[in-house]
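# Chains, contacts and geometry: an overview
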Amino acid sequence: MFGDISGMMQKLKAAQQKVEETKLRLNTVLVDSQSNGGAVKVTATANREIKTIAIADALLHDKEALEDYLILALNDVLTKASAINDAEMAAAAKDGMPNMPGFDLFK
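Throughout what follows, the structure given in this document is the object of discussion.

Reading the values: rules and limits
Residues numbered from 1 in each chain as written. Predicted model: local features only at pLDDT ≥ 70, side-chain atom pairs only at ≥ 80, totals over all residues. Heavy atoms only, no water. Pairing = 2+ DSSP bridges. Helix = DSSP H or I, 4+ residues; strand = E, 2+ residues; numbered from the N terminus. Axes fitted to C-alpha atoms, helices over the stretch in contact; angles between N-to-C directions. Core = buried A, V, L, I, M, F, W, Y, C linked by side-chain atoms within 4.5 Å. Buried < 20%, exposed > 50% of the residue type's maximum accessible area, 1.4 Å probe, protein only. Contact = heavy atoms within 4.5 Å. Salt bridge = Lys/Arg side-chain N within 4 Å of Asp/Glu carboxyl O. Patch = residues over 30% accessible without salt bridge, like charges linked within 9 Å, V, L, I, M, F, W, Y side chains within 5 Å. Areas by Shrake-Rupley, 256 points an atom, 1.4 Å probe, with all protein chains shown as cover.

## Focus: the sheet that holds strand 2 (residues 40-45)
Read across the sheet, three strands follow the order 1-2-3 without closing on themselves; strand pairing throughout is antiparallel. Each of the sheet's edge strands pairs with one partner strand only, and the pair in question is strand 1 (30-35) and strand 3 (50-55). Taken pair by pair, the neighbouring strands of this sheet meet at an average axis angle of 15°, ignoring direction. Pairing analysis gives five bridges linking strand 2 to strand 3, with the strands arranged antiparallel. Each bridged residue has a counterpart across the sheet, and for A44 the counterpart in strand 3 is I50.

Encoded structure:
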């Protein structure tokens, strides 16, 4: 009914390994964002870990503006990182999945 169970298990292990390798690689993929014309700059990994935040000196005297610009830049960089992460993880998982009818999880 399911064919070669041992072969499917090996493919699943290979898929799991590929997903783990992709997670490690995504730690090296950097995503940038900025707000207020570059007065606030944020860099994150594709695994959604913030790496750097740079703030122009002019914003240090306006707490509310700084908070607003930080929120904009952080939300944007995390959205971009999530899109990359989701696409890469889906591709890694799909590549290693055995061909099982009715289990098209990653269309």
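Here the narrative resumes, following the displayed structure.
## Some points on the nonpolar core
Core analysis: the largest hydrophobic core is formed by 12 residues, namely V31, A39, V40, V42, A44, L59, A65, L66, L70, A73, V77 and A81. Among the secondary structure elements, those contributing two or more residues to this core are strand 2 and helix 2 (63-96). When residues of this core are assigned to their parent elements, the largest contribution, six residues, is made by helix 2. Each residue touching L59, except ones within four places of it in the same chain, is listed here: N36, A39, V40, A65, L66 and Y69. Counting residues in each nonpolar core, the second largest holds six residues, with L26, A46, A92 and A93 among its members.

## Topic: the pairing of strand 2
Burial analysis of strand 2 places five of its six residues in the buried class, the great majority of the element. Inspection of the sheet shows strand 1 paired to strand 2 by six bridges, in the antiparallel sense. When the sheet's bridge partners are listed, S33 is paired in strand 2 with V42. Here strand 1 folds back onto strand 2, and the loop between the two strands holds four residues, one of which, N36, carries a positive phi near 55°. As consecutive antiparallel partners, strand 2 and strand 3 are separated by four residues, and within that stretch R48 has a phi angle of approximately 65°, a positive value.

## Points about the pattern of salt bridges
Per the stated rule, a full pass over the model turns up five salt bridges. In this structure, K51 engages E49 in a salt bridge whose closest nitrogen and oxygen atoms are separated by 3.4 Å. A relative accessible area of 47% places K51 in the partly exposed class.

## Some details on a nonpolar patch on the surface
Judged by side-chain polarity, I50, I53, I55 and L60 come together as a nonpolar surface patch covering roughly 320 Å² of accessible area. The topology assignment puts I53 in strand 3. The partly exposed category is assigned to I53, whose relative accessible area is 44%.

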